[in-house]
Amino acid sequence: RLPASYIHAPCRWTRGASATCLTRETHIPWARLIGFIIGDGYASSRNVISFHLSRQRKVDWLTQACQQMNLQLKSHPYHRYTIHAPNLGLWARRNLYAPDGHKRIPDYFLSASQVAIEALIDGLMASDGHLNTLYTTTSPYVADNLLALGAISGHVFSLAFRQGCYRLNHIHRLRYPHVNDVRN
């Protein structure tokens, strides 16, 4: 079961929103989009998430994700794209950034379903992944959380720190996770 802070986000992006608008069918696309936002997006204002995307495959991926979620993706000059929704940027600042300004994966994904974790990893790999085997980030929090999520979901990553970047190499997928999985 997902915590209330995750349930509220897709509804109105504010605390106290009705949890009834989140269903099994909608939380997976949100997890994918959250992964992509962590990788390539940033909260540019209270209501806006912005992206600078020069690769067409990333633009296509984001376009498809926004269409699936009924979000309007706006295109701007110089490869800039934005998603607008009430309090979306504010929600991202509260949930996707650590106090020191580094991005992070929200802790509630540590207790999320296997499918939600897979969707988050898919979004991360679509943003900053290379050939579906290597993920690169400058955030130590994202690297640590991705290692933990890998252990929970059965993905085996190796970690290296070079030239200011954490590089996680996806070695293989285990048949069964290494940790005791008591999630519903």
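For the structure itself, consult the block above.
Residues numbered from 1 in each chain as written. Predicted model: local features only at pLDDT ≥ 70, side-chain atom pairs only at ≥ 80, totals over all residues. Heavy atoms only, no water.

## Description of the overall build of the chain
Helix and strand content of the chain: 6 helices and 8 strands. Traced from its N-terminal end to its C-terminal end, the chain shows the element sequence α-α-β-β-α-β-β-α-α-β-β-α-β-β. Taken across its 184 residues, the chain has 50% of its residues classed as buried. In the chain, the proportion of contacts linking residues at least 24 apart, taken out of those at least 6 apart, comes to 62%. (Helix = DSSP H or I, 4+ residues; strand = E, 2+ residues; numbered from the N terminus. Buried < 20%, exposed > 50% of the residue type's maximum accessible area, 1.4 Å probe, protein only. Contact = heavy atoms within 4.5 Å.)

## Regarding the packing of aromatic side chains
Centre-to-centre distance and the angle between the planes together describe a pair of aromatic rings. The tally for this structure, following the rule as stated, stands at 4 aromatic pairs. The interplanar angle of 15 degrees and the centroid separation of 4.7 Å between the aromatic rings of F36 and W61 together place this pair among those described as stacked. Of the two residues, F36 is situated in helix 2 (residues 24-40) and W61 in helix 3 (residues 56-68); the sequence distance between them amounts to 25 residues. Each of the two residues, F36 as well as W61, counts as buried. Chaining the aromatic ring pairs together yields one cluster made of F36, F51 and W61. (Phe/Tyr/Trp six-rings, centres within 6.5 Å; stacked < 30°, edge-to-face > 60°.)

## Quick look at the environment of S45
With respect to the element layout, S45 can be found in strand 1 (residues 41-45). Under the relative-accessibility criterion, S45 is labelled partly exposed at 29%. Sequence spacing of S45 and G89 is 44 residues, and the spatial spacing of their C-alpha atoms is 5.6 Å. Once residues lying within four places of it in the same chain are set aside, the contact partners of S45 are G89, L90 and R93.

## Observations regarding the pairing of strand 1
Note on strand geometry: in a regular strand, side chains alternate between the two faces of the sheet. The pairing of strand 1 with strand 2 (residues 48-52) spans 4 bridges and is classified as antiparallel. Bridge pairing in strand 2 links Y42 to S50. In this structure, the hairpin formed by strand 1 and strand 2 is closed by a connection of 2 residues. (Pairing = 2+ DSSP bridges.)

## Some remarks on the sheet that holds strand 2
Strand order in the open sheet formed by 4 strands is 1-2-4-3, with antiparallel pairing between adjacent strands. Among the strands making up the open sheet, the edge pair consists of strand 1 and strand 3 (73-76). Here the strands of the sheet are splayed against their neighbours by 30 degrees on average, with no regard to which way each runs. With 5 bridges joining them, strand 2 and strand 4 (residues 80-84) adopt antiparallel strand pairing. Its bridge partner lying in strand 4, V48 is registered against H84. Those strands touched by helix 4 (residues 88-96) are strand 1, strand 2 and strand 4, and its axis lies near 125 degrees from that of strand 1. (Axes fitted to C-alpha atoms, helices over the stretch in contact; angles between N-to-C directions.)

Fair warning: the whole summary comes from geometry, so function is off the table for now.
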